[in-house]
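# Secondary and tertiary structure notes
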Amino acid sequence: MATVKIRIDGQQVEAEEGSFLLPAIQEMGVEIPTLCYYKYATPYAACRMCVVEIWDKRKKNKVVTACNYPIAEGLEVLTHSPRVVAARRTNLEMLMSRCAPMPVLQEMGKKLGIEEPRWGWGTDTCILCGLCVRVCDEIVGARALGFASRGADRYVTTAFDGEADSCILCGACASICPTEHIQLEEADGRKIIHDEVTLGPNSAISVPFRQAVPNVPRIDPEYCIHFRTGGCTVCSQVCPKDCIHYDEQEKTEEIEVGTIVLATGFQDLDPEILKPYGYGKIPNVITAMEFERMNNAAGSTGGKIQLQNGAEPRSIAILHCIGSRDERHHPYCSRVCCMYGLKFAHLVKEKTEAEVYQLYIDLRAFGKGYEEFYQRILSEGVNVIRGKGTEVVRAGRGRAEEGDLLVRCEDTLAGVFREIPVDMVILCTALEAHSDAKETGRKFGVSIGADGWFIERHPKLGPVSTATDGVFLAGVCQGPKDIPDTVAQGGAAAAEAMSLMIRGEVEMDAACAVIDEEKCCGCRLCNDLCAYSAITFDEEKEVSVVNEALCKACGTCVAGCPSGSIKGLHFTDPQIYAEIEGILS
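## Let's talk about the sheet that holds strand E13 (residues 315–322)
Pairing in this open sheet of five strands is parallel, and the strands run E12-E19-E13-E14-E15 from one edge to the other. Edge positions in the sheet fall to strand E12 (285–287) and strand E15 (383–386), since each has one partner strand and no second. Adjacent strand axes in the sheet meet at a mean angle of 20 degrees, parallel and antiparallel pairs treated alike. The sheet contact formed by strand E14 (residues 355–360) and E15 spans four bridges and is parallel. Paired with Tyr357 across the two strands is Asn383, which belongs to E15. Strands E12 and strand E19 (424–429) of the sheet are contacted by helix H8 (residues 288–295), whose axis makes an angle of about 90 degrees with E12.

Here's what the structure looks like:
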(Lines give C-alpha, C1' and ligand atoms only; values in the text may rest on other atoms or scores of the structure.)
Protein backbone atom coordinates (compact mmCIF):
# COMPACT_ATOMS: atom_id res chain seq x y z
CA MET A 1 0.00 0.00 0.00
CA ALA A 2 1.05 3.59 -0.58
CA THR A 3 2.39 5.58 2.35
CA VAL A 4 1.34 9.11 3.23
CA LYS A 5 2.72 11.75 5.55
CA ILE A 6 0.75 12.89 8.59
CA ARG A 7 1.57 14.86 11.74
CA ILE A 8 0.95 13.40 15.21
CA ASP A 9 1.47 15.82 18.13
CA GLY A 10 3.58 17.98 15.83
CA GLN A 11 5.82 15.13 14.70
CA GLN A 12 5.75 14.08 11.05
CA VAL A 13 5.43 10.36 10.42
CA GLU A 14 4.77 8.06 7.48
CA ALA A 15 1.91 5.57 7.59
CA GLU A 16 -0.02 3.36 5.20
CA GLU A 17 -2.87 5.15 3.50
CA GLY A 18 -6.22 3.76 4.57
CA SER A 19 -4.90 2.15 7.78
CA PHE A 20 -6.22 3.37 11.11
CA LEU A 21 -4.84 6.05 13.40
CA LEU A 22 -4.57 4.06 16.65
CA PRO A 23 -1.83 1.59 15.57
CA ALA A 24 0.21 4.46 14.07
CA ILE A 25 -0.05 6.46 17.30
CA GLN A 26 0.86 3.43 19.44
CA GLU A 27 3.92 2.73 17.28
CA MET A 28 5.22 6.17 18.31
CA GLY A 29 5.02 5.08 21.95
CA VAL A 30 2.06 7.35 22.76
CA GLU A 31 -0.36 5.77 25.23
CA ILE A 32 -4.00 5.91 24.09
CA PRO A 33 -6.67 4.53 26.46
CA THR A 34 -9.01 1.94 24.97
CA LEU A 35 -11.28 -0.81 26.25
CA CYS A 36 -12.63 -2.30 23.03
CA TYR A 37 -9.64 -2.45 20.67
CA TYR A 38 -8.08 -5.69 19.43
CA LYS A 39 -5.51 -5.66 16.65
CA TYR A 40 -6.89 -8.63 14.72
CA ALA A 41 -10.60 -7.75 14.87
CA THR A 42 -12.54 -5.06 13.02
CA PRO A 43 -12.45 -1.77 15.03
CA TYR A 44 -15.76 -1.11 16.73
CA ALA A 45 -15.23 2.14 18.67
CA ALA A 46 -17.71 1.09 21.34
CA CYS A 47 -15.95 2.55 24.38
CA ARG A 48 -14.98 5.82 22.62
CA MET A 49 -12.00 6.21 24.94
CA CYS A 50 -9.45 6.44 22.10
CA VAL A 51 -10.71 9.80 20.84
CA VAL A 52 -8.21 12.25 19.30
CA GLU A 53 -8.49 15.70 17.78
CA ILE A 54 -7.75 16.02 14.04
CA TRP A 55 -7.50 18.56 11.23
CA ASP A 56 -8.04 17.07 7.79
CA LYS A 57 -6.67 18.41 4.48
CA ARG A 58 -9.57 20.85 4.29
CA LYS A 59 -8.55 22.16 7.72
CA LYS A 60 -11.76 20.98 9.34
CA ASN A 61 -11.36 20.26 13.04
CA LYS A 62 -13.20 17.48 14.87
CA VAL A 63 -12.85 14.79 17.57
CA VAL A 64 -12.84 11.23 16.23
CA THR A 65 -12.17 7.71 17.52
CA ALA A 66 -8.62 6.73 16.58
CA CYS A 67 -9.25 3.00 16.34
CA ASN A 68 -11.43 3.24 13.21
CA TYR A 69 -10.50 6.56 11.60
CA PRO A 70 -8.58 6.01 8.33
CA ILE A 71 -5.27 7.74 7.64
CA ALA A 72 -5.10 10.21 4.74
CA GLU A 73 -2.52 12.65 3.35
CA GLY A 74 -2.05 15.87 5.31
CA LEU A 75 -3.84 14.71 8.47
CA GLU A 76 -2.86 16.49 11.71
CA VAL A 77 -3.54 14.73 15.03
CA LEU A 78 -3.47 15.84 18.66
CA THR A 79 -3.65 12.99 21.15
CA HIS A 80 -3.81 14.83 24.49
CA SER A 81 -5.28 18.26 23.80
CA PRO A 82 -7.66 19.78 26.43
CA ARG A 83 -10.60 18.99 24.15
CA VAL A 84 -9.51 15.33 23.85
CA VAL A 85 -8.96 14.90 27.60
CA ALA A 86 -12.38 16.42 28.36
CA ALA A 87 -14.05 14.08 25.87
CA ARG A 88 -12.34 11.04 27.37
CA ARG A 89 -13.31 12.06 30.90
CA THR A 90 -16.96 12.52 29.88
CA ASN A 91 -17.08 9.21 28.04
CA LEU A 92 -15.51 7.38 30.96
CA GLU A 93 -17.82 8.94 33.54
CA MET A 94 -20.86 7.95 31.48
CA LEU A 95 -19.51 4.40 31.29
CA MET A 96 -18.84 4.35 35.05
CA SER A 97 -22.37 5.49 35.81
CA ARG A 98 -23.71 2.36 34.14
CA CYS A 99 -21.06 -0.17 35.27
CA ALA A 100 -19.82 -1.53 38.57
CA PRO A 101 -16.49 -0.27 40.00
CA MET A 102 -14.26 -2.78 38.17
CA PRO A 103 -10.44 -2.57 38.35
CA VAL A 104 -10.01 -1.69 34.66
CA LEU A 105 -12.37 1.30 35.01
CA GLN A 106 -10.89 2.42 38.31
CA GLU A 107 -7.35 2.28 36.89
CA MET A 108 -8.36 4.28 33.82
CA GLY A 109 -10.20 6.75 36.07
CA LYS A 110 -7.04 7.38 38.13
CA LYS A 111 -5.11 8.20 34.94
CA LEU A 112 -7.78 10.72 33.94
CA GLY A 113 -8.17 12.13 37.45
CA ILE A 114 -11.60 10.64 38.17
CA GLU A 115 -11.96 9.10 41.62
CA GLU A 116 -15.76 8.93 41.61
CA PRO A 117 -18.10 9.54 38.64
CA ARG A 118 -20.45 12.50 38.98
CA TRP A 119 -23.53 10.31 38.53
CA GLY A 120 -22.35 7.49 40.81
CA TRP A 121 -21.38 3.92 40.00
CA GLY A 122 -23.71 1.49 38.24
CA THR A 123 -24.01 -2.27 38.70
CA ASP A 124 -23.39 -3.85 35.30
CA THR A 125 -20.11 -5.76 34.75
CA CYS A 126 -20.41 -5.79 30.94
CA ILE A 127 -19.30 -2.56 29.26
CA LEU A 128 -20.74 -3.65 25.87
CA CYS A 129 -17.34 -3.24 24.23
CA GLY A 130 -18.20 -6.04 21.79
CA LEU A 131 -14.76 -7.63 22.00
CA CYS A 132 -16.15 -11.05 22.80
CA VAL A 133 -18.68 -10.90 19.96
CA ARG A 134 -16.11 -9.79 17.38
CA VAL A 135 -13.49 -12.33 18.47
CA CYS A 136 -16.00 -15.19 18.45
CA ASP A 137 -17.33 -14.11 15.04
CA GLU A 138 -14.27 -12.92 13.10
CA ILE A 139 -11.37 -14.82 14.68
CA VAL A 140 -12.74 -18.01 16.21
CA GLY A 141 -15.44 -18.40 13.58
CA ALA A 142 -17.85 -20.06 16.04
CA ARG A 143 -20.43 -17.23 16.03
CA ALA A 144 -21.75 -18.31 19.41
CA LEU A 145 -22.12 -14.72 20.74
CA GLY A 146 -24.13 -11.77 19.54
CA PHE A 147 -25.93 -8.57 20.52
CA ALA A 148 -29.61 -8.28 21.31
CA SER A 149 -31.88 -5.21 21.65
CA ARG A 150 -30.73 -1.62 21.11
CA GLY A 151 -29.71 1.49 22.99
CA ALA A 152 -29.60 1.31 26.77
CA ASP A 153 -31.24 -2.13 26.72
CA ARG A 154 -28.55 -3.73 24.59
CA TYR A 155 -26.85 -6.86 25.93
CA VAL A 156 -24.61 -9.75 24.79
CA THR A 157 -26.38 -13.00 24.05
CA THR A 158 -24.52 -16.22 24.88
CA ALA A 159 -24.96 -19.93 24.30
CA PHE A 160 -23.65 -20.88 27.73
CA ASP A 161 -26.93 -21.38 29.57
CA GLY A 162 -27.87 -24.45 27.52
CA GLU A 163 -26.40 -26.88 25.07
CA ALA A 164 -25.13 -25.21 21.91
CA ASP A 165 -23.24 -26.75 19.04
CA SER A 166 -21.85 -23.37 18.00
CA CYS A 167 -19.78 -22.80 21.18
CA ILE A 168 -16.54 -24.82 21.13
CA LEU A 169 -15.50 -23.79 24.68
CA CYS A 170 -12.21 -22.32 23.42
CA GLY A 171 -12.22 -19.62 26.10
CA ALA A 172 -11.27 -16.80 23.69
CA CYS A 173 -14.16 -14.62 24.85
CA ALA A 174 -13.21 -15.02 28.52
CA SER A 175 -9.52 -14.35 27.91
CA ILE A 176 -10.15 -11.14 25.97
CA CYS A 177 -12.94 -9.69 28.14
CA PRO A 178 -11.44 -6.57 29.82
CA THR A 179 -13.81 -6.67 32.80
CA GLU A 180 -13.91 -10.45 33.42
CA HIS A 181 -17.66 -10.37 32.82
CA ILE A 182 -17.26 -13.68 30.98
CA GLN A 183 -15.54 -16.44 32.95
CA LEU A 184 -14.96 -20.14 32.36
CA GLU A 185 -16.13 -22.31 35.22
CA GLU A 186 -16.47 -26.05 35.67
CA ALA A 187 -20.00 -27.36 35.21
CA ASP A 188 -21.88 -27.95 38.47
CA GLY A 189 -19.00 -26.44 40.43
CA ARG A 190 -16.73 -29.45 39.80
CA LYS A 191 -13.26 -29.02 41.28
CA ILE A 192 -10.09 -29.41 39.21
CA ILE A 193 -8.37 -32.62 40.26
CA HIS A 194 -4.62 -32.98 40.50
CA ASP A 195 -4.13 -35.24 37.49
CA GLU A 196 -5.55 -32.44 35.31
CA VAL A 197 -2.84 -30.00 36.38
CA THR A 198 -0.42 -29.47 33.49
CA LEU A 199 3.19 -28.33 33.30
CA GLY A 200 2.28 -25.12 31.54
CA PRO A 201 -0.61 -23.07 30.21
CA ASN A 202 -3.26 -24.98 28.29
CA SER A 203 -2.31 -23.53 24.92
CA ALA A 204 -2.75 -24.90 21.42
CA ILE A 205 0.85 -23.86 20.65
CA SER A 206 3.62 -24.99 22.96
CA VAL A 207 7.12 -26.45 23.10
CA PRO A 208 6.82 -30.12 24.18
CA PHE A 209 9.47 -29.66 26.88
CA ARG A 210 12.44 -27.39 27.45
CA GLN A 211 15.08 -29.76 26.08
CA ALA A 212 13.01 -30.90 23.08
CA VAL A 213 14.89 -31.57 19.83
CA PRO A 214 14.09 -29.71 17.66
CA ASN A 215 13.28 -27.06 20.25
CA VAL A 216 10.45 -25.43 18.32
CA PRO A 217 6.76 -24.88 19.14
CA ARG A 218 4.14 -27.27 17.82
CA ILE A 219 0.41 -26.86 17.19
CA ASP A 220 -1.96 -29.34 18.78
CA PRO A 221 -4.86 -29.71 16.30
CA GLU A 222 -7.12 -30.96 19.09
CA TYR A 223 -7.01 -27.57 20.84
CA CYS A 224 -6.23 -25.20 17.95
CA ILE A 225 -9.23 -23.05 17.04
CA HIS A 226 -8.25 -22.98 13.37
CA PHE A 227 -8.44 -26.75 13.03
CA ARG A 228 -11.78 -26.81 14.84
CA THR A 229 -13.63 -23.99 13.06
CA GLY A 230 -11.44 -22.92 10.14
CA GLY A 231 -11.01 -19.47 11.68
CA CYS A 232 -8.27 -17.81 13.79
CA THR A 233 -5.04 -17.37 11.87
CA VAL A 234 -3.58 -14.94 14.41
CA CYS A 235 -0.40 -16.99 14.95
CA SER A 236 0.42 -16.92 11.22
CA GLN A 237 -0.19 -13.17 11.14
CA VAL A 238 2.22 -12.42 13.98
CA CYS A 239 4.96 -14.86 12.83
CA PRO A 240 7.70 -12.70 11.22
CA LYS A 241 9.29 -15.67 9.43
CA ASP A 242 6.09 -17.08 7.88
CA CYS A 243 6.78 -20.44 9.55
CA ILE A 244 3.18 -21.51 10.16
CA HIS A 245 1.43 -23.55 7.47
CA TYR A 246 -1.94 -25.01 8.37
CA ASP A 247 -2.15 -27.30 5.35
CA GLU A 248 0.86 -29.44 6.23
CA GLN A 249 0.05 -33.13 6.62
CA GLU A 250 1.62 -35.78 8.82
CA LYS A 251 4.00 -37.97 6.84
CA THR A 252 6.38 -40.85 7.46
CA GLU A 253 9.94 -40.64 6.17
CA GLU A 254 12.44 -43.46 5.75
CA ILE A 255 16.03 -42.45 6.51
CA GLU A 256 19.11 -44.60 6.00
CA VAL A 257 21.39 -44.40 9.03
CA GLY A 258 24.66 -45.98 10.07
CA THR A 259 24.09 -46.08 13.83
CA ILE A 260 21.16 -45.90 16.22
CA VAL A 261 20.99 -44.66 19.81
CA LEU A 262 17.99 -45.99 21.73
CA ALA A 263 16.86 -43.49 24.37
CA THR A 264 13.20 -44.40 24.80
CA GLY A 265 13.09 -43.55 28.51
CA PHE A 266 10.63 -45.01 30.99
CA GLN A 267 7.06 -44.80 32.22
CA ASP A 268 5.75 -44.24 35.73
CA LEU A 269 4.04 -47.05 37.56
CA ASP A 270 0.30 -46.43 37.72
CA PRO A 271 -0.35 -46.47 41.49
CA GLU A 272 -4.05 -47.14 40.98
CA ILE A 273 -3.28 -50.86 41.06
CA LEU A 274 -1.91 -50.42 44.59
CA LYS A 275 -5.28 -50.34 46.31
CA PRO A 276 -4.07 -49.65 49.90
CA TYR A 277 -2.88 -46.17 48.89
CA GLY A 278 -6.26 -45.07 47.53
CA TYR A 279 -4.89 -43.30 44.49
CA GLY A 280 -7.72 -42.20 42.21
CA LYS A 281 -10.32 -42.67 44.94
CA ILE A 282 -9.12 -40.65 47.92
CA PRO A 283 -8.69 -36.89 47.31
CA ASN A 284 -5.21 -35.35 47.64
CA VAL A 285 -3.33 -38.62 47.09
CA ILE A 286 -1.09 -37.72 44.12
CA THR A 287 1.96 -39.05 42.32
CA ALA A 288 5.38 -37.46 42.29
CA MET A 289 4.89 -36.33 38.68
CA GLU A 290 1.61 -34.64 39.53
CA PHE A 291 3.26 -32.82 42.43
CA GLU A 292 6.08 -31.75 40.11
CA ARG A 293 3.53 -30.30 37.70
CA MET A 294 1.70 -28.52 40.48
CA ASN A 295 4.94 -27.08 41.80
CA ASN A 296 5.98 -25.73 38.37
CA ALA A 297 5.81 -21.94 38.27
CA ALA A 298 4.33 -22.03 34.76
CA GLY A 299 1.59 -24.48 35.78
CA SER A 300 -2.06 -23.77 36.34
CA THR A 301 -1.57 -23.24 40.10
CA GLY A 302 1.27 -20.79 39.50
CA GLY A 303 3.67 -22.96 41.47
CA LYS A 304 1.51 -22.94 44.59
CA ILE A 305 1.19 -26.15 46.58
CA GLN A 306 -2.55 -26.60 47.06
CA LEU A 307 -5.14 -29.18 47.95
CA GLN A 308 -7.99 -29.92 45.57
CA ASN A 309 -10.14 -27.32 47.31
CA GLY A 310 -7.45 -24.67 46.79
CA ALA A 311 -6.36 -24.55 50.44
CA GLU A 312 -2.75 -24.83 51.57
CA PRO A 313 -1.98 -28.23 53.17
CA ARG A 314 -1.16 -28.32 56.87
CA SER A 315 0.91 -31.51 56.58
CA ILE A 316 2.24 -33.67 53.75
CA ALA A 317 3.50 -37.26 53.72
CA ILE A 318 5.99 -38.38 51.06
CA LEU A 319 5.94 -42.16 50.63
CA HIS A 320 9.02 -43.79 49.09
CA CYS A 321 9.34 -47.06 47.13
CA ILE A 322 5.78 -47.24 45.81
CA GLY A 323 6.06 -50.28 43.55
CA SER A 324 9.87 -50.41 43.87
CA ARG A 325 11.72 -53.01 45.94
CA ASP A 326 8.47 -54.95 46.00
CA GLU A 327 8.37 -58.59 44.91
CA ARG A 328 4.72 -58.19 43.89
CA HIS A 329 5.57 -55.43 41.41
CA HIS A 330 9.22 -54.46 40.79
CA PRO A 331 12.01 -55.97 42.92
CA TYR A 332 14.61 -53.43 41.78
CA CYS A 333 15.35 -49.98 43.25
CA SER A 334 14.27 -47.03 41.11
CA ARG A 335 17.29 -45.02 42.34
CA VAL A 336 15.87 -41.52 41.87
CA CYS A 337 12.98 -41.63 44.36
CA CYS A 338 14.96 -40.93 47.53
CA MET A 339 16.53 -37.74 46.27
CA TYR A 340 13.51 -36.24 44.55
CA GLY A 341 11.49 -37.09 47.66
CA LEU A 342 13.97 -35.02 49.67
CA LYS A 343 13.75 -32.26 47.07
CA PHE A 344 9.95 -32.23 47.45
CA ALA A 345 10.32 -31.85 51.20
CA HIS A 346 12.63 -28.87 50.71
CA LEU A 347 10.18 -27.21 48.27
CA VAL A 348 7.24 -27.72 50.62
CA LYS A 349 9.18 -26.17 53.50
CA GLU A 350 10.22 -23.30 51.26
CA LYS A 351 6.71 -22.48 50.01
CA THR A 352 4.41 -23.44 52.87
CA GLU A 353 4.21 -23.84 56.63
CA ALA A 354 3.22 -27.50 56.28
CA GLU A 355 4.68 -30.30 58.38
CA VAL A 356 6.50 -32.84 56.17
CA TYR A 357 6.93 -36.58 56.79
CA GLN A 358 9.34 -38.76 54.78
CA LEU A 359 8.53 -42.49 55.00
CA TYR A 360 11.31 -44.68 53.58
CA ILE A 361 12.68 -48.24 53.63
CA ASP A 362 16.37 -47.39 53.18
CA LEU A 363 17.48 -43.89 52.24
CA ARG A 364 20.02 -44.11 49.42
CA ALA A 365 21.82 -40.78 49.06
CA PHE A 366 24.73 -42.20 47.07
CA GLY A 367 25.71 -39.36 44.66
CA LYS A 368 27.98 -36.37 44.90
CA GLY A 369 26.54 -33.89 47.38
CA TYR A 370 23.52 -36.12 48.07
CA GLU A 371 24.36 -36.91 51.68
CA GLU A 372 24.94 -33.21 52.36
CA PHE A 373 21.49 -32.43 50.94
CA TYR A 374 19.96 -35.09 53.18
CA GLN A 375 21.56 -33.45 56.23
CA ARG A 376 20.20 -30.09 55.08
CA ILE A 377 16.67 -31.54 54.94
CA LEU A 378 17.04 -32.76 58.51
CA SER A 379 18.09 -29.28 59.61
CA GLU A 380 14.94 -27.82 58.00
CA GLY A 381 12.74 -29.80 60.38
CA VAL A 382 11.52 -32.56 58.05
CA ASN A 383 10.32 -35.67 59.91
CA VAL A 384 12.18 -38.70 58.52
CA ILE A 385 10.65 -42.03 59.49
CA ARG A 386 12.23 -45.38 58.65
CA GLY A 387 9.25 -47.49 57.71
CA LYS A 388 7.30 -47.99 54.51
CA GLY A 389 3.86 -46.43 54.35
CA THR A 390 1.49 -49.36 54.01
CA GLU A 391 -1.94 -47.75 53.77
CA VAL A 392 -3.68 -44.41 53.27
CA VAL A 393 -7.22 -43.99 54.61
CA ARG A 394 -9.60 -41.14 55.27
CA ALA A 395 -9.37 -39.74 58.76
CA GLY A 396 -12.31 -40.40 61.05
CA ARG A 397 -14.25 -37.74 62.85
CA GLY A 398 -11.98 -37.91 65.84
CA ARG A 399 -8.83 -37.00 63.87
CA ALA A 400 -10.19 -34.88 61.01
CA GLU A 401 -9.00 -31.71 62.73
CA GLU A 402 -5.38 -32.93 62.49
CA GLY A 403 -5.61 -33.97 58.84
CA ASP A 404 -8.04 -35.31 56.27
CA LEU A 405 -5.95 -38.46 55.68
CA LEU A 406 -4.21 -41.05 57.83
CA VAL A 407 -0.97 -42.74 56.72
CA ARG A 408 -0.37 -46.04 58.47
CA CYS A 409 3.21 -47.27 58.81
CA GLU A 410 5.61 -49.08 61.11
CA ASP A 411 8.41 -47.00 62.57
CA THR A 412 11.18 -49.64 62.54
CA LEU A 413 13.66 -47.51 64.50
CA ALA A 414 11.21 -46.83 67.32
CA GLY A 415 9.58 -50.25 67.02
CA VAL A 416 6.02 -48.88 67.03
CA PHE A 417 3.06 -48.77 64.65
CA ARG A 418 2.04 -45.22 63.72
CA GLU A 419 -0.90 -43.42 62.17
CA ILE A 420 0.18 -40.04 60.81
CA PRO A 421 -2.55 -37.44 60.08
CA VAL A 422 -1.84 -35.44 56.90
CA ASP A 423 -3.72 -33.40 54.28
CA MET A 424 -1.77 -34.59 51.24
CA VAL A 425 0.11 -37.76 50.29
CA ILE A 426 2.78 -37.85 47.56
CA LEU A 427 3.56 -41.30 46.13
CA CYS A 428 7.11 -41.80 44.84
CA THR A 429 6.19 -44.34 42.18
CA ALA A 430 8.51 -46.85 40.55
CA LEU A 431 10.25 -46.26 37.25
CA GLU A 432 9.31 -49.06 34.87
CA ALA A 433 10.10 -49.97 31.27
CA HIS A 434 7.71 -48.94 28.52
CA SER A 435 4.97 -51.44 27.81
CA ASP A 436 6.14 -51.70 24.18
CA ALA A 437 9.83 -52.17 25.04
CA LYS A 438 9.74 -55.82 23.94
CA GLU A 439 8.42 -54.87 20.50
CA THR A 440 10.99 -52.07 20.18
CA GLY A 441 13.78 -54.42 21.18
CA ARG A 442 12.70 -56.93 18.55
CA LYS A 443 12.86 -54.27 15.85
CA PHE A 444 16.42 -53.29 16.72
CA GLY A 445 17.75 -56.68 17.73
CA VAL A 446 18.16 -55.74 21.41
CA SER A 447 17.42 -58.23 24.17
CA ILE A 448 15.02 -57.48 27.02
CA GLY A 449 15.69 -58.49 30.63
CA ALA A 450 13.17 -60.05 33.01
CA ASP A 451 12.38 -56.59 34.40
CA GLY A 452 11.64 -55.16 30.93
CA TRP A 453 14.76 -53.01 30.48
CA PHE A 454 17.06 -53.31 27.46
CA ILE A 455 20.16 -55.46 28.05
CA GLU A 456 23.60 -54.05 27.31
CA ARG A 457 26.38 -56.09 25.71
CA HIS A 458 28.43 -56.21 28.93
CA PRO A 459 27.63 -54.46 32.25
CA LYS A 460 31.24 -53.29 32.69
CA LEU A 461 33.06 -53.49 29.34
CA GLY A 462 30.15 -52.51 27.10
CA PRO A 463 27.60 -50.58 29.17
CA VAL A 464 26.19 -48.61 26.20
CA SER A 465 26.62 -51.24 23.46
CA THR A 466 24.15 -53.96 22.54
CA ALA A 467 24.40 -57.35 20.90
CA THR A 468 23.59 -55.66 17.58
CA ASP A 469 26.49 -53.65 16.15
CA GLY A 470 25.64 -50.00 15.61
CA VAL A 471 22.81 -49.95 18.14
CA PHE A 472 23.57 -48.25 21.45
CA LEU A 473 21.67 -47.48 24.65
CA ALA A 474 21.34 -44.21 26.54
CA GLY A 475 19.32 -43.30 29.61
CA VAL A 476 16.68 -45.06 31.62
CA CYS A 477 15.67 -47.46 28.83
CA GLN A 478 18.62 -49.59 30.02
CA GLY A 479 17.68 -49.35 33.71
CA PRO A 480 16.73 -46.79 36.40
CA LYS A 481 19.28 -44.00 36.75
CA ASP A 482 19.35 -40.32 37.66
CA ILE A 483 20.18 -37.32 35.48
CA PRO A 484 24.03 -37.28 35.87
CA ASP A 485 24.29 -40.96 34.94
CA THR A 486 21.88 -40.49 32.05
CA VAL A 487 23.87 -37.56 30.68
CA ALA A 488 27.14 -39.51 31.00
CA GLN A 489 25.68 -42.54 29.26
CA GLY A 490 24.20 -40.38 26.52
CA GLY A 491 27.62 -38.85 25.84
CA ALA A 492 29.23 -42.28 25.77
CA ALA A 493 26.59 -43.61 23.35
CA ALA A 494 27.08 -40.60 21.07
CA ALA A 495 30.85 -41.12 21.09
CA GLU A 496 30.43 -44.81 20.22
CA ALA A 497 28.06 -43.93 17.38
CA MET A 498 30.45 -41.30 16.02
CA SER A 499 33.40 -43.70 16.15
CA LEU A 500 31.55 -46.01 13.76
CA MET A 501 30.35 -43.27 11.43
CA ILE A 502 33.74 -41.61 10.90
CA ARG A 503 35.41 -44.87 9.88
CA GLY A 504 33.65 -45.07 6.57
CA GLU A 505 34.12 -48.83 6.48
CA VAL A 506 33.24 -51.47 9.05
CA GLU A 507 35.07 -54.77 9.49
CA MET A 508 32.85 -57.84 9.65
CA ASP A 509 33.48 -61.39 10.80
CA ALA A 510 33.97 -63.87 7.99
CA ALA A 511 31.53 -66.31 9.58
CA CYS A 512 27.87 -65.74 8.79
CA ALA A 513 24.81 -67.62 7.61
CA VAL A 514 24.19 -68.10 3.89
CA ILE A 515 20.99 -69.27 2.19
CA ASP A 516 20.83 -71.53 -0.83
CA GLU A 517 18.01 -69.86 -2.76
CA GLU A 518 17.36 -73.01 -4.82
CA LYS A 519 16.57 -75.02 -1.69
CA CYS A 520 14.73 -72.27 0.26
CA CYS A 521 10.99 -72.99 0.40
CA GLY A 522 10.04 -69.52 1.67
CA CYS A 523 8.56 -70.71 4.96
CA ARG A 524 10.01 -67.64 6.79
CA LEU A 525 10.70 -69.66 9.92
CA CYS A 526 14.24 -68.32 10.00
CA ASN A 527 12.95 -64.71 9.97
CA ASP A 528 11.27 -65.27 13.33
CA LEU A 529 14.18 -67.25 14.78
CA CYS A 530 16.86 -64.62 14.12
CA ALA A 531 17.49 -62.59 17.29
CA TYR A 532 19.37 -59.88 15.35
CA SER A 533 16.77 -59.19 12.62
CA ALA A 534 19.42 -60.14 10.07
CA ILE A 535 17.06 -62.20 7.89
CA THR A 536 14.36 -60.67 5.73
CA PHE A 537 12.05 -62.07 3.07
CA ASP A 538 12.41 -61.17 -0.60
CA GLU A 539 8.84 -60.89 -1.86
CA GLU A 540 9.90 -60.94 -5.52
CA LYS A 541 12.04 -64.10 -5.33
CA GLU A 542 9.96 -65.57 -2.47
CA VAL A 543 13.07 -66.60 -0.55
CA SER A 544 14.72 -65.40 2.67
CA VAL A 545 17.82 -63.21 2.48
CA VAL A 546 20.60 -62.77 5.08
CA ASN A 547 22.07 -59.34 5.85
CA GLU A 548 25.72 -60.30 6.39
CA ALA A 549 26.47 -57.08 8.27
CA LEU A 550 23.91 -57.92 10.96
CA CYS A 551 24.45 -61.69 11.16
CA LYS A 552 26.39 -62.88 14.22
CA ALA A 553 26.79 -66.49 13.02
CA CYS A 554 25.01 -67.82 16.11
CA GLY A 555 23.66 -70.79 14.11
CA THR A 556 20.06 -70.58 15.33
CA CYS A 557 18.69 -70.29 11.81
CA VAL A 558 20.96 -73.09 10.55
CA ALA A 559 19.66 -75.50 13.17
CA GLY A 560 16.02 -74.45 12.71
CA CYS A 561 15.76 -74.49 8.90
CA PRO A 562 13.46 -77.43 7.98
CA SER A 563 14.77 -77.65 4.39
CA GLY A 564 18.45 -77.42 5.30
CA SER A 565 18.92 -74.51 2.92
CA ILE A 566 20.84 -72.38 5.47
CA LYS A 567 24.49 -73.08 6.13
CA GLY A 568 27.04 -71.45 8.39
CA LEU A 569 29.84 -70.02 6.25
CA HIS A 570 33.13 -71.80 7.14
CA PHE A 571 31.11 -74.20 9.28
CA THR A 572 29.64 -76.51 6.63
CA ASP A 573 29.28 -80.23 7.31
CA PRO A 574 32.21 -81.27 5.02
CA GLN A 575 34.48 -78.74 6.75
CA ILE A 576 33.51 -79.97 10.22
CA TYR A 577 33.96 -83.63 9.17
CA ALA A 578 37.40 -82.78 7.77
CA GLU A 579 38.40 -81.14 11.06
CA ILE A 580 37.23 -84.20 13.02
CA GLU A 581 39.16 -86.54 10.72
CA GLY A 582 42.24 -84.37 11.09
CA ILE A 583 42.00 -84.49 14.88
CA LEU A 584 41.44 -88.27 14.96
CA SER A 585 44.31 -88.95 12.58
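Next comes the rest of the description.
## Quick notes on the sheet that holds strand E16 (residues 389–394)
Within the open sheet, the three strands sit side by side as E16-E17-E18. Their pairing is antiparallel. Whereas interior strands pair on both sides, the edge strands pair on one side only; in this sheet they are E16 and strand E18 (416–422). With direction set aside, neighbouring strand axes in the sheet form an average angle of 25 degrees. Bridging between E16 and strand E17 (residues 405–411) involves five bridges; their strand directions are antiparallel. What sits directly across from Arg394, in E17, is Leu405.

## Structural notes on the packing of H8 against helix H9 (residues 337–351)
Packing of H8 against H9 brings their axes to within 12 Å, and their N-to-C directions diverge by 35 degrees. Between H8 and H9 the crossing geometry is left-handed. Taking contact as the criterion, the partners of Ala288, Phe291, Glu292 and Asn295 in H8 are, on H9, Tyr340, Lys343, Phe344, Leu347, Val348 and Lys351.

How each quantity is defined
Residues numbered from 1 in each chain as written. Predicted model: local features only at pLDDT ≥ 70, side-chain atom pairs only at ≥ 80, totals over all residues. Heavy atoms only, no water. Pairing = 2+ DSSP bridges. Helix = DSSP H or I, 4+ residues; strand = E, 2+ residues; numbered from the N terminus. Axes fitted to C-alpha atoms, helices over the stretch in contact; angles between N-to-C directions. Contact = heavy atoms within 4.5 Å. Left-handed = near helix turned anticlockwise from the far one by under 90°.

Interpretation note: all reported values are geometric properties and have no functional meaning in isolation.
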